[in-house]
Amino acid sequence: MKNFKLIIIILVIFLKTGNVLSETSLFNVNNVKIIDDLTRSNENLANQAIKKGFKELIDKVLLEKDLAKVENLKFNQIKSLVSYYQISESLENREKKNIEKTYNIFFDKSKVHDLFYKFDISYSDISKYEIFFLPIHKKDDELFIYNQNYFYIKWNEITKNELIEFILPLEKIEILQSINNYKDNLIKIDIRNIFQEYSKNNYALVIIEENKLGPNKIFLKTNIMGKNISKSIELEKNISNVDNFYEEIIYKVNNEIINLVKSQNLIDIRTPSFINIKFFLDKKNNLVELDNRIKKIDLIENFYVQEFNKQYVFLKIKYLGKINKIVDQLKSQNILLELKNEQWSLKII
């Protein structure tokens, strides 16, 4: 009788789950602001919010080189990707005789996946990312690191985004010494010496060389997810407005770093992976609770029961991306995935 009940529970869970498990937030775009001038229909306003939301979505998850593949989709194609939308709030401005409406747009993960598959696009799965970051300004052979460094002072004032938080290190004598040791050849500097106390995090050093004659050069030295990546950029100087030129540098470098982070967190829809897992059953570790938590993990597409009894269930999980990413996402839902004696096991923490 107990085994019969167990079978019924498993069937209910997995028939209800179907092929789409994730109630993801990656493909949701919140706080889309639309101004209602009281002359347009609600449908017209919602369509504008969907267009704006789709643009925010692809800017968030796609590399620059892939944006052009989907930027010119017809609106009916974009709208077909939407599961539903919400109007979360409306703020009336009587003086301007309009209302600001805030929309939350929920895009269907499976349909977005199908779209990316069609255009052979890998997307980036990143949430809030922290980068320890130091811009060095070299002007007329003089170095500005902390004091009088426009880029150090203004960086987080000029550019902000939801994906990456740039954390500027506080002034330290050790950092100044490391930089001054290489002041004649900053390209050779070992960035591990700059970011010793942040070595387990992502970090970036940006060297901005401003020259009176010739092109201005920017050198990026980064370590993202343990991988050293370097890049150089040249920009023509806008002599008429130096502040605008400096802002252009900040925006350019900001976009380059975001693109580098995305490139190290790409998900290839065409190459899913599978993992076999043993899940021991008890009052805390039950399939209903496991199912509820796994639904919140975007990279897990579905899972299947391979074998079960009163003590445990053998599951096969289909997922996208790297296994360490799955481990982290499971941990965020208080699920521990461990490998012992060549056997993966799951338990709810």
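Heads up: these notes are all about the structure in this document. (Residues numbered from 1 in each chain as written. Predicted model: local features only at pLDDT ≥ 70, side-chain atom pairs only at ≥ 80, totals over all residues. Heavy atoms only, no water.)

## Describing the overall build of the chain
Operational definition: Helix and strand definitions here come from DSSP, where helices need a minimum of 4 consecutive H or I residues and strands a minimum of 2 consecutive E residues; each element is numbered from the N-terminal end. Any residue under 20% of the maximum accessible area for its type is buried, any over 50% is exposed, and the rest in between are partly exposed; the area is computed with a 1.4 Å probe on protein chains only. Contacts are residue-level and defined by heavy atoms, with any inter-residue pair within 4.5 Å sufficient. Note on areas: these come from Shrake-Rupley sampling with a 1.4 Å probe, and a residue is covered only by the protein chains present in the view.
A count of helical and extended segments in the chain gives 11 helices and 16 strands. Across the 349 residues that make up the chain, the buried fraction comes to 46%. A fraction of 67% describes how many contacts in the chain between residues 6 or more apart in sequence connect residues 24 or more apart. Total accessible area on the chain is roughly 19700 Å²; 47% of this is exposed by carbon and sulfur atoms.

## Remarks on helix H5 (residues 109-118)
Quick reminder of the rule: Each direction from the helix axis to a C-beta atom contributes to the arc, which is the arc of those directions. A 3.5 Å cut-off defines polar contacts: any pair of N or O atoms within that distance qualifies, except that in protein one atom must be a possible hydrogen donor and the other a possible acceptor, and neighbouring residues in sequence count only when both atoms are side-chain atoms.
Every buried residue belonging to H5 is among Lys 109, Val 112, His 113, Leu 115 and Phe 116, and all of these are buried. The buried residues of H5 occupy one face: seen down the axis, they fall within an arc of 160 degrees. For H5, the exposed residues lying more than 90 degrees away from the buried face are Asp 114 and Lys 118. On its buried side, H5 packs onto helix H2 (42-61), helix H3 (64-70), strand E3 (98-107), strand E4 (123-124) and strand E13 (300-308). Near the N-terminus of H5, the side chain that reaches the backbone nitrogen of Ser 110, with its oxygen 3.0 Å away, is that of Asp 108. Of the residues flanking the end of H5, it is Asp 120, one or two places downstream, whose phi is positive at about 55 degrees.

## Focus: the sheet that holds strand E16 (residues 343-348)
Heads up, the condition is: Should DSSP find at least two bridges between two strands, the strands are taken to pair. Working convention: axes come from line fits to C-alpha atoms, limited for helices to the stretch in contact. Angles between N-to-C directions cover 0 to 180 degrees.
Here five strands make up an open sheet; going across it, the order is E13-E14-E12-E16-E15 and the pairing mixed. Both edges of this open sheet fall to E13 and strand E15 (335-340), since each of them pairs with a single strand only. Strand after strand, the sheet turns through a mean of 35 degrees between neighbouring axes, direction not considered. Examined bridge by bridge, strand E12 (residues 273-280) and E16 share three bridges and lie parallel to one another. Bridging from a neighbouring strand, Phe 279 pairs with Leu 346 of E16.

## Regarding the pairing of E15
Looking at chain direction, E15 and E16 are connected through six bridges and run antiparallel. Within E16, the position partnered with Leu 337 by the bridge is Leu 346.

## Thoughts on the pattern of salt bridges
So the rule is basically this: Here, a salt bridge means any Lys or Arg side-chain nitrogen found within 4 Å of an Asp or Glu carboxyl oxygen.
Scanning the entire structure with this criterion turns up 15 salt bridges. Residues Asp 66 and Lys 69 are paired through a salt bridge, measuring 3.1 Å at the closest nitrogen-oxygen approach. Of this pair, Asp 66 and Lys 69 both sit in helix H3, three residues apart, which is roughly one turn of that helix. Judged by its relative accessible area of 3%, Asp 66 falls in the buried class. When its relative accessible area of 35% is taken as the criterion, Lys 69 is described as partly exposed. One salt bridge in this structure joins Glu 256 and Lys 231, with 2.8 Å as the shortest N-O distance. You can see Glu 256 sitting in helix H9 (residues 242-263) and its partner Lys 231 sitting in strand E10 (residues 227-235), a full 25 residues away along the chain. Connected through salt bridges with shared partners, the residues Lys 65, Asp 66 and Lys 69 form a single ionic network.

## Some words on the packing of aromatic side chains
Worth spelling out the cut-off: When the centres of two rings from Phe, Tyr and Trp lie within 6.5 Å, Trp using its six-membered ring, the rings pair. Their planes under 30 degrees apart give stacked, over 60 give edge-to-face, and anything left gives tilted. Criterion for a charge above a ring: Lys NZ or Arg CZ within 6 Å of the ring centre, and within 35 degrees of the ring normal.
Counted by the stated rule, this structure contains 17 aromatic pairs. Seen in terms of ring centroids, Phe 133 and Phe 166 are 5.0 Å apart; in terms of plane orientation they differ by 65 degrees. Their pairing is edge-to-face. Of the two residues, Phe 133 sits in strand E5 (residues 129-139) while Phe 166 sits in strand E7 (residues 164-167), which places them 33 residues apart along the sequence. Of the two residues examined, Phe 133 and Phe 166, each falls in the buried class. Considering the side-chain rings of Tyr 150 and Tyr 246, the 5.1 Å spacing of their centres and the 50 degrees angle between planes classify their relative orientation as tilted. Pair noted here: Tyr 150 is in helix H6 (residues 150-158) and Tyr 246 is in helix H9, with a separation of 96 residues, a long-range link. For Tyr 246, a relative accessible area of 6% corresponds to the buried category. Directly above the ring of Phe 75 sits Lys 51, whose terminal nitrogen or CZ lies 5.4 Å from the centroid. The positively charged end of Lys 278 is found above the aromatic ring belonging to Tyr 312, 4.3 Å away from the centroid.

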